[in-house]
Amino acid sequence: MIDNFSIALTHGLLLIAAWRLLHRDDLDVEAPPEPDKKPEGFTKQTPNGGSQSDA
C-alpha cells in the first residue's frame, strides 16, 4: 500500500510540475537579437571597398 501511494504521489507531483511549466506565458517568447553595429560578410573587405581574394 505504501509503495503504490509513494509512486502515485511522486508521479502526480511530476505531472503538476510539467502542467505548470507547459502553461507558462513566457515559454516560447524570446527577444530578437541585437543587430551588428558594423555588418560583416563572408569575405574580408579592403579599405577601398573591394573584396580581397586569396589568389
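Heads up: the structure comes first, above all this text.
Please read these numbers as outputs of a predicted model, since none were measured by experiment. (Residues numbered from 1 in each chain as written. Predicted model: local features only at pLDDT ≥ 70, side-chain atom pairs only at ≥ 80, totals over all residues. Heavy atoms only, no water.)

## Here's the deal with the overall build of the protein chain
Next up, step 1: Counting its regular elements, the protein chain contains 1 helix and 0 strands.
Next up, step 2: Here the protein chain holds 55 residues, and 0% of them are scored as buried.
Next up, step 3: Approximately 6200 Å² of the protein chain is accessible, and the part contributed by carbon and sulfur atoms is 61%. (Helix = DSSP H or I, 4+ residues; strand = E, 2+ residues; numbered from the N terminus. Buried < 20%, exposed > 50% of the residue type's maximum accessible area, 1.4 Å probe, protein only. Areas by Shrake-Rupley, 256 points an atom, 1.4 Å probe, with all protein chains shown as cover.)

## A word on helix H1 (residues 2–22)
Next up, step 1: The end-to-end C-alpha distance of H1 is 30 Å, a good match for the 30 Å that 21 residues give at a rise of 1.5 Å each.
Next up, step 2: Taking burial as the measure, the 21 residues of H1 include 0 buried ones, a minor fraction of the element. (Expected span 1.5 Å × (residues − 1).)

## Observations regarding a nonpolar patch on the surface
Next up, step 1: Taken together, the side chains of Phe5, Leu9, Leu13 and Ile16 present a nonpolar region at the surface, about 420 Å² in accessible area.
Next up, step 2: Checked against the element boundaries, Phe5 lands in helix H1. (Patch = residues over 30% accessible without salt bridge, like charges linked within 9 Å, V, L, I, M, F, W, Y side chains within 5 Å. Salt bridge = Lys/Arg side-chain N within 4 Å of Asp/Glu carboxyl O.)

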